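# Chains, contacts and geometry: an overview
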Amino acid sequence: MTNERHSGRRASRFATAALASALVLAGCEVVNPGPVDDEFIDDPTAQEGLINGAWERMNNVVGDQAYDMAMVTREIFHGGQTGSYGQSDAARAGNLGSWTASGPYNAAQQARWVSEEAIRRFDVRGDVSPAIMTKAYLAAGYANRMNGEFFCWGVINEGPDEPGPLVSGEEYFKRAESWFTKALSVAVDNNSKFEAYAGRAQARLWLEDYAGAIADARLVPNDFVRMVEMDFSTGGVTGQANHVMWAQADQPFRSWTTLYTYYHDYYAQSGDPRVPWAPFPRTEASWCLGGLAGYRNTTIRAQLGLPAATATNSVPCFQQQKYKTRDDDIRMASGPEMRLIEAEAMLRQNPAAWPQAMQIINALRTSYLSDKTEKPLEPWSATSLEDAWTYLMRERSFETWLEGRRFADMRRWEPYLRQMPSDGPTLKYGRYGADGSTLEAIPAHTPGQLDWPCFECVMSNPTSNLFTNNTRGRPALEDLSMPRELCYNISSNERANNPKINVQDEDTP
Amino acid sequence: MKSPVWLARRYAGALALLVAALGLLPTAGSAQDRPAQVRGRVTDSNGAPVSDVQLFLAGSNLGSLSRQTGAYVIVNVPAGTYELRAEKLGLAPQTKQITVTAGAVLEENFTMTQQALGLDEIVVTGTAGAAKRREVGNQVATINPTDLPERPTSVVSMLQAQAPGMDVTSMGGGGELGEGFQINLRGTNSISGTSSTPVIFIDGVRIYSDNLPETGTPDLSSNSSRTRPSPLAMVNPNDIERIEVISGPAASTLYGTEAAGGVIQIFTKKGSERAPVWTLDSSVGTLWNQRFGLNGENYLHLDPWLCSGPFSCGQFQKETHGLGFPTSQNNSLSVRGGGQTLQYFVSGGYDNEQGSTPKDALQRLNGRGNFTFNPLPDVIFSWNNNYAHQFRDNTSSGNNAGGLVLNAMRQEQGYFGSADSSVINTAITEWDITETMERLTTGATIQYTPLEKLTNRLTFGYDLTQQEARNIRHVGFLLFPQGGIDNNTYTRRYLSFDYVGTFSFNLLGGLSSSFSWGGQATGDFTSEVEAFGEGFPGTKLPTVNSASKTLGFESRSTTWNSGFFLQDVLNLKEKYFLTLGMRVDGNSTFGKNFGLQFYPKASASWVASDETFWPDNLGEMKVRAAFGVSGTAPNAIIARRTWNNTALAGNPAFTPGNRGNPDIGPEVTSEYELGFDASWFNDRVRPRYTYYHQHTTDAIQSQAGLASLGFTSNVSFNLGETENWGNELALDVTAVQGRNWGLDVGYTWSKIGNRLLMTQGATSSENVGRPIGFRTWTMYHNAEGMGTQRTADGVYITTTCDQFFDDPETGEEDAIVVPRAGIDPTIHACQFDSENIYGYPLNRPSVLMGSNVSLRMPFGISIAARGEYRGGHGYWRSVSPIPLGRNVRSAACLPYYRDNTSVTVRVDVSAIWAERCVAAEADGYDIKGEMFNLRSISASVPMDWAFPDRVSSANLTLVMNNVLHLSHSMWGNYQSSQERVPEATTLRAALRVTF
């Protein structure tokens, strides 16, 4: 009996200890390593990282969209690949397709939000150095400028002092101008000032402050360049790659070609180093992956001196030479672009001054040596305002080739709009009018001709409508139930889940 | 304090037994006397032979196993008096006193009787401590490997179609060796999809049972080139004594958070106080593929790498293997036995298998040592250990640009740009995809019984799973000539503590109580370290260090779940049982504002057949009812707000990460189930029926963050509510039971339903009332054409049919298509109608059936077959196996092309073939998931005649697995998705010798 009592006590102690252990463990807190806690972001050592975060988001937008938009803007020709790193049926038909997609919207919004969050947090601290504040203002400026170019509408809903929640694209340019001005107020080094002037010139051009744009642009030297860094190799992050290059890399994608674009023949003739291309080194890579239904390449291959492809619908593939690796950075602003901003602002401010604008355009143009002749490029000879606009738009397309800028430029220039068929789909573009509710067309003060290639014309199959229709034979624009767009818009997710805005219908901004 | 002499005496016998069992000493039975024999036959009450009965002389280490014919023989028996015992799981044990004289042959026959319902059989899973089956108010399914005549070579094949409501689905195509699978019990009860899978224990130790992760390719793309392997595949099936399955919260309450998907507990064999019994299992086999393509493209261009029949293989399969076809061998040797103080089960296994494609191969080593030790009269100490090592070599498959399967299927439009099989084959010759997996599971259990009525059990468990996946594209690989390497080491550890105490006492008259208390804590530790390199010209056997450019990645996480429980079982006259219990849980994944979670349970059982009014000739019957609640934990880092250091150009770059929800708690699923177990007509008909209903509240639902507020990651909330219900029936019938002939038929059936009761979000409210994760009998349209589920604003725009259309040309059923330009939609295609959707089937099977037939013939020969039906659901099938979107001309489409060179389809082609053959990027169908698989056919022949008497039992079994597959999809085997190869047909000859 005594033994049983002892055993019973031992058992109860055993049980008590086990239960107590379970309860202690139940209350324990586990902090997993890896992610950065929100509190750390306020630490001074995190300040530059926060600004870099904004640039990383810009990298994601530019690195990806410079490629996605290139098909819509006809900077590249479709190779047939529609899956990995290919282009969609919609893009082939000249339609943005995923204009309310979350991908570009999220990254672009985050770029703006992170940079402005950095400024908010730095302002609360009050002890952040001018150098860091300058970087934060510049990041916010470029993030807003980028949003303004890519998006017709957006949401800014951080607080009651903000203009949102629903804002037009113009609001981004206003914010960009404001941040660049603040950067200039604290910047101490020249390069930071050049960055601020260049960005503000870009914004002011959109805000139709032509005098201001000219004044800022003139302060930026020709050799200035501000890149957004592409960084696949050190981070191994697919989103940080230069997709323009990677989508066309011989191995593995070869998704697009320069053939049939305006730049292809132009480079062959001029050797303009801004739009270079070359055959792929490997013979087997002379055709793109995928193939276009209805594309008969036999004759074309013979004309181009290419070997026969195993598939009759393979598109001859020629490789851009602007970017050599998937780490090659993409320009956000440059001195040459500033010259063209000066010229465009002059054409808009005072059309009669087109000869002076042409001087600027040709001065820039002849500063380049031809890859073919190693001599300066031949200057353009304009005889009218319309010629001047044509050369301005052409030069800007060379200068910003595959940088994701032509998309917005085409929205700013009217000729593209005029070249659309009169019975075509409704175009949605523009800005809010003075009353903040109606959509106004951009004034028709951009004459000239856009170098718009006829992709449909290259289909040797006369019945093909691959560049206007989707693969099921239905008109792409009709089938896709959306108008042709030249800007991204508020994402479907934001529309669905943000109770502060009421924009469920895609047809309303 | 015991003296050393006492200890030496006590353990000497045990050590001697162990050494003897390992064959290092002669057996104790080799006495000086002339040996005698004990022999006889074991039959059931009808005279039918009973095999696998353990017959042994208590107190000696002599024994044997009954053969297929029921015969047994125990040799080298010294003269003396013995207690001869006969035991087998599910049969009532028997004992006889015998006297053996020197040199004599003593014949003793046994007639075994079945424990019809096994009401006094002990079950462990879902109860506090052990319980007799009669006490348990919920269903506990038991899988006994000796009931599986096909000699399964993996745990997954032991589970498939074996318990009602259990759905086992392969994670890839099913055709790759060691491939992972998903187990689901009673359908889906979670919106987030994080649960609905059971937790698994081996001998009381919580193990990592999810599939190991896919790993990247040496170009850092996210598309893996192999399937996810299963750590469960490393468990030696020959080590398994039985498997217990409890299917939902009504039974799993005491497991608390994480157990809402049910619990599976695997029990491995233990030693016993008897003679050592050695068992050798050895099998050899081969395999071949069933067609999984279309007419004219039976294997979707993979013919050179596959086998179309036994010993009939394509060029590269032939070249790879010395015999010209793939082979497999599985070997296992075990011994079990023991003395009074130490019992042991020790086993070792070696498997060497070649797979469906040339490079698919697997080698596995497996060792187990289970020891039970009685150091003190009131203490039992058990120590169970398993170590397994597996090496797997894969053929590159999946949606991977450099993979063999993808490039073969896409022909000249693949990334290699060639239809030349020798070019595509370089995806094998220049690319090594290997993984080395190790698994160690060890558990120690101390059972301390200081009083007859007081039992304490404490278990410590440690489960380590590690995978090193190496992925090397050699220098010269077509797509990456400079070479690339990726090394990913994934480690998962579970540390578990489990204590339970039980005190039993009598209350009034025939009423007694068994009160239990206890607690568990389980730590789950994950780490993943990956190294990547590219560019190593000149290096034939590279490491990451050989590369000119290298990158490294690391991630880690830890979660702890702890809880305690109380339970009381009231027992009235061994007929009426009432169980009440509760558990309280804390979990490190809960938000800091959440606190603890409470889970109650209650169950009752009534052994109706023990009532006096119950007619004796009606057999046995138990009626049961149970209610219980258990949970599903949120993801490890859902609660915290964090940022990612994405990094840019080598510098820190903080971007918004997880928005966090400090209020997040577990999904809570309550369930009630009602049912009965019975044994009728002299135990010839044995039905088990259960109805269950589950209700999940606080279902974890994710909402996308708002980009305008920075954090775009999904945020999880306890918002949703779901309902899940079903019927389960298992029926075993002994149709014929004679001395020489016998016929047994088994059947399981379950019907599963579920629906969403409440959800949040503007786009998902319309899903209320529909099944969770439903499919739609339509084809979706959106901006990209077909294949995407919703339009941008979340509204389904669909084509629908009043009924499924059969293909007018082939008779193929159930293809849903949309009108095509130039085609009258009323003829061959469904109407375009966004208002009238045909239906919303479940995305997992809602009807599961399993059946088995076993025919016993004279001379111990038997034939068995097992089939599986899954249906009542839909799944989406892409046409990507025939990559028409890549403009590959398909042989299946040749009749429909406009000419001999293009991929343009004639305008007069029926809509279904137009959809199949028109080049498009992502066409797909929701099709009926109904399928039947004849999982196995086996024939077993006794081979005792070929061995000396010392061999207790020898059997040769010929087995064919995956013999026949029937489904609605003519696009291929239902499993053939994402450029994978479906399950192959295997043929094995398996020999089991026991001595």
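Keep in mind the model is a prediction, meaning the values are calculated, not measured.

Quick notes on the rules
- Residues numbered from 1 in each chain as written.
- Chains lettered and ligands numbered in written order.
- Predicted model: local features only at pLDDT ≥ 70, side-chain atom pairs only at ≥ 80, totals over all residues.
- Heavy atoms only, no water.
- Helix = DSSP H or I, 4+ residues; strand = E, 2+ residues; numbered from the N terminus.
- Buried < 20%, exposed > 50% of the residue type's maximum accessible area, 1.4 Å probe, protein only.
- Contact = heavy atoms within 4.5 Å.
- Areas by Shrake-Rupley, 256 points an atom, 1.4 Å probe, with all protein chains shown as cover.
- Axes fitted to C-alpha atoms, helices over the stretch in contact; angles between N-to-C directions.
- Parallel < 35°, antiparallel > 145°, perpendicular 65-115°, else oblique.
- Left-handed = near helix turned anticlockwise from the far one by under 90°.
- Nonpolar A, V, L, I, M, F, W, Y, C, P; charged D, E, K, R; others polar.
- Core = buried A, V, L, I, M, F, W, Y, C linked by side-chain atoms within 4.5 Å.
- Disulfide = S-S within 2.5 Å.
- pLDDT = per-residue confidence, 0-100.

Turning to the overall build of chain B, a few remarks are in order. Across its full length, chain B carries nine helices and 49 strands. Relative to its full complement of 995 residues, chain B shows a buried share of 61%. Here the analysis covers contacts within chain B between residues at least 6 apart in sequence; of these, 68% occur between residues at least 24 apart. Per element, the accessible surface of chain B, about 35,800 Å² overall, is 56% carbon and sulfur.

This brings us to the packing of helix α2 (residues 47-72) of chain A against helix α4 (residues 102-125) of chain A. Residue and element names in this part refer to chain A. Running from N to C, α2 and α4 cross one another at 165°; their axes reach a closest spacing of 8 Å. The pairing of α2 with α4 is recorded here as roughly antiparallel in orientation. Along this stretch, α2 crosses α4, giving a crossing that reads as left-handed. Two secondary-structure elements touch here, α2 through Gln47, Leu50, Ile51, Gly53, Ala54, Arg57, Met58, Asn60, Val61 and Gln65 and α4 through Pro104, Ala107, Ala108, Gln110, Ala111, Val114, Ser115, Ala118, Arg121, Phe122 and Arg125. By residue class, the composition of the contact of α2 with α4 is twelve nonpolar, six polar and three charged.

Every buried residue of helix α8 (residues 210-218) of chain A is accounted for by Tyr210, Gly212, Ala213, Ile214, Asp216 and Ala217 of chain A. Check the buried side of α8 of chain A and you find it contacts α7 (190-206) and α13 (335-349) of chain A.

Residues Trp55, Met58 and Met146 of chain A together with Leu302 and Trp643 of chain B are the most contacted members of the largest nonpolar core, which totals 163 residues. The residues contacting Met58 of chain A, other than those within four sequence positions of it, are Gly63, Ala111, Ala139, Tyr142, Ala143, Met146, Val228 and Met332 of chain A. Formed by 23 residues, the second largest nonpolar core is a distinct cluster that contains Ile143, Leu148, Ile202 and Ile264 of chain B.

On to the state of the cysteines. Residue and element names in this part refer to chain B. The full count for this structure, using the stated rule, is two disulfides over all chains. Disulfide partner of Cys307: Cys313, at an S-S distance of 2.0 Å. Because the torsion about its S-S bond is 95°, the bridge between Cys307 and Cys313 counts as right-handed. Cys313 shares its class with Cys307; the two are buried.

This brings us to the confidence of the model for chain B. Close inspection of predicted coordinates is inappropriate for parts of the model with low pLDDT. Residues and elements named next belong to chain B. Taken as a whole, chain B shows an average pLDDT of 81; of its residues, 82% reach a score of 70 or greater. Long-range and interchain partners of residues 1-32, a stretch whose pLDDT sits below 50, account for 35 contacts in this model, where long-range means more than four residues apart. Counting contacts from residues 778-838, a segment whose pLDDT is below 50, to residues more than four positions away or on other chains yields 174 contacts. For this predicted complex, the interface confidence score (ipTM) comes to 0.88, while the overall pTM stands at 0.83.

Looking at where Met410 of chain A falls in the secondary structure, it is placed in helix α16 (residues 406-412). The spatial distance from the C-alpha of Met410 of chain A to the C-alpha of Asp189 of chain A is 34 Å, given a sequence separation of 221 residues.

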